[in-house]
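Given next are the chains, with one letter for each unit.
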Amino acid sequence: MLAAREDEVLEEQLEPKRSPLVTAVAFMLAAAILIPLLNAEVKYLGLFYPVIQLLWCRYFGHVVFMLVVFAPRKGAALFRSRRPWLQIVRSLLFCLTSFLMFCALQYVPVGTAAAVSFTAPMVVLALSPFMLGETVGLLKTVAAISGFAGALFVIQPGGDAFHPAVLLVLLSACTSALTQILSRKLASHDTPETSNTYMAAAGFVLTSLMLPFFWQSPESLMHVGLLVSMGILGGCGHYCLVRAFEVAPAPFVAPFTYLQIVGASLLGYLLFSELPNLWSCIGTFIIVLSGLVVLLGEQYLVSRRPRTSARASD
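Residues numbered from 1 in each chain as written. Predicted model: local features only at pLDDT ≥ 70, side-chain atom pairs only at ≥ 80, totals over all residues. Heavy atoms only, no water.

1. Quick look at helix 12 (residues 259-272)
Short version of the rule: Numbering of helices and strands runs from the N terminus, with a helix taken as a DSSP run of H or I at least four residues long and a strand as a DSSP run of E at least two residues long. Helix span, as expected, comes to 1.5 Å for every residue beyond the first.
The terminal C-alpha atoms of helix 12, which comprises 14 residues, lie 19 Å apart, in line with the 20 Å expected from a rise of 1.5 Å per residue. S273 occupies a position one or two residues after helix 12 and carries a positive phi of about 55°.

2. Quick look at the confidence of the model for the protein chain
Condition: Known as pLDDT, the predictor's per-residue confidence is scaled from 0 to 100. Any two residues whose heavy atoms approach within 4.5 Å at even a single point are treated as in contact.
Confidence in the prediction of the protein chain, expressed as mean pLDDT, is 79, and 85% of residues score 70 or more. Contacts from residues 6-16, a stretch scored under 50 in pLDDT, to residues over four places away or in other chains number one contact. Long-range and interchain partners of residues 307-314, a stretch whose pLDDT sits below 50, account for two contacts in this model, where long-range means more than four residues apart.

3. Considerations on unusual backbone geometry
Note the cut-off: Residue exposure (1.4 Å probe, protein chains only): buried if accessible area is under 20% of the type maximum, exposed if over 50%, otherwise partly exposed.
The phi dihedral of S273 is positive, around 55°, even though this residue is not glycine. Along the chain, the position of S273 falls in the loop between helix 12 and helix 13 (278-304). Residue classification places S273 among the exposed positions, given a relative accessible area of 61%.

4. Here's the deal with the layout of surface pockets
Once rolled over the atoms, a probe with the size of a water molecule shows which space is left empty. We apply this condition: Grid points spaced at 1 Å over the protein atoms alone were grouped into cavities, where a 1.4 Å probe fits but cannot get out, and pockets, open sets with protein on both sides within 12 Å along at least five of seven lines, with lining residues defined by an atom within 4 Å of a point. Grid points are joined across faces, edges and corners, and a volume is the space filled by probe spheres set on the points. Ten residue types, Ala, Val, Leu, Ile, Met, Phe, Trp, Tyr, Cys and Pro, are classed as nonpolar, four, Asp, Glu, Lys and Arg, as charged, and the remainder, Gly among them, as polar.
Space inside the second largest pocket adds up to approximately 410 Å³. Surrounding the second largest pocket, 26 residues form its lining, P109, G111, T112, P276 and S280 being those nearest its centre. Secondary-structure elements contributing two or more residues to the lining of the second largest pocket are helix 5 (110-117), helix 7 (138-155), helix 12 and helix 13. A per-element tally of the lining of the second largest pocket places helix 12 first, with six residues. Tallied by class, the residues present in the lining of the second largest pocket amount to 16 nonpolar, nine polar and one charged.

5. Examining a nonpolar patch on the surface
Inclusion rule: Grouping into patches uses exposed residues only, defined as over 30% relative accessible area, and leaves out salt-bridged ones; the cut-off is 9 Å for like charges and 5 Å for nonpolar side chains (Val, Leu, Ile, Met, Phe, Trp, Tyr). Under the convention used here, a 1.4 Å probe and the Shrake-Rupley method define accessible areas, while residue burial counts only the protein chains that appear. The term salt bridge refers to a side-chain nitrogen of Lys or Arg lying within 4 Å of a carboxyl oxygen of Asp or Glu.
Taken together, the side chains of L266, Y269, L270, L271 and L275 make up a nonpolar region of the molecular surface, amounting to roughly 560 Å² of accessible area. Locating L275 in the fold gives a position in the loop between helix 12 and helix 13.

6. Regarding the packing of aromatic side chains
Put simply, the rule is: Pairs were defined over the aromatic rings of Phe, Tyr and Trp, the Trp ring being its six-membered one, requiring ring centres within 6.5 Å. Orientation was assigned from the angle between planes: stacked under 30 degrees, edge-to-face over 60, tilted for the rest. Charge-over-ring placement is defined geometrically: NZ (Lys) or CZ (Arg) within 6 Å of the ring centre, and within 35 degrees of the ring normal.
Using the criterion set out here, one finds nine aromatic pairs in the structure. Look at F48 and Y49: their rings are 6.3 Å apart centre to centre, the planes differ by 50°, and that puts the pair in the tilted class. The partly exposed category is assigned to F48, whose relative accessible area is 27%. Classification of Y49 as buried rests on a relative accessible area of 3%. Considering the side-chain rings of F153 and W279, the 5.5 Å spacing of their centres and the 15° angle between planes classify their relative orientation as stacked. Of this pair, F153 sits in helix 7 while W279 sits in helix 13; the two residues are 126 residues apart in sequence, bridging distant segments of the chain. Of the residues examined, F153 reaches a relative accessible area of 30% and is grouped as partly exposed. The exposure class assigned to W279 is partly exposed, which follows from its relative accessible area of 47%. An aromatic cluster is present here, built from W56, F60, F204 and W215 joined pairwise through their rings. Note that K43 overlies the ring of F272, its terminal NZ or CZ placed 5.8 Å from the centroid. Between R58 and the ring centre of Y59, over which it is positioned, the NZ or CZ distance is 5.4 Å.

Below is the structure:
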């Protein structure tokens, strides 16, 4: 018996263990493909079906995914929230964010939409003194202003590549920022599983009420597969983001969120022959650089904040 136990211990020691950092990168790489792939499907399917139907498919799949993955283990606790009304408001904002993005994707390149949507952290920074009571330093202020300037490079108002629908992406970034602010308020009250379930649930109920007025039967089996996969892609993509931040430190994980711009640009080229011009590339680079300054600066302040003060602010 002792010899057998020693062999088991030796096997465990010899078995290679995956680093949490490697696992986090794998999750972020998956999200960098899944979420842009969802947007690419929306762009294609928008030629055949109304946005409300696409939203319903996206939320239906997301809700089913959360129930299948977490309900067997969590049970009724999955829906137990200490701030249910705040969760519902956050979910409705998320639904509005998706609606605006889905509408814009019919006219805006996938890569452009992804780049402009990443101005959301800058909007969070602009609103944080008023909604979170946080002080914004000079460096982060300059970074936020630079990020908005980068968005202008991407949008190119007045240029040949400009389309008014890109303004919907900017508005989507604003509602996304409000969603992120509410997420920070809810983080100390509810589990990530509960928050992610609520994120899709309210949008699913709302679009279900509207669906009978917009429903169009799928034209082919391929369209059925794409409509079904939308929710799976959205649910899996957001799950990968949550898991990445759970298994590795946020300052390490946060920069990898910008891989979604790379994934979106690659899919835009492969599926729709969309190529960004020089100004869009420069603007995207400025947005990414500014966003990294904002995100990493935020994580630095959180790591330096005493635990007692953090609890008091809750």
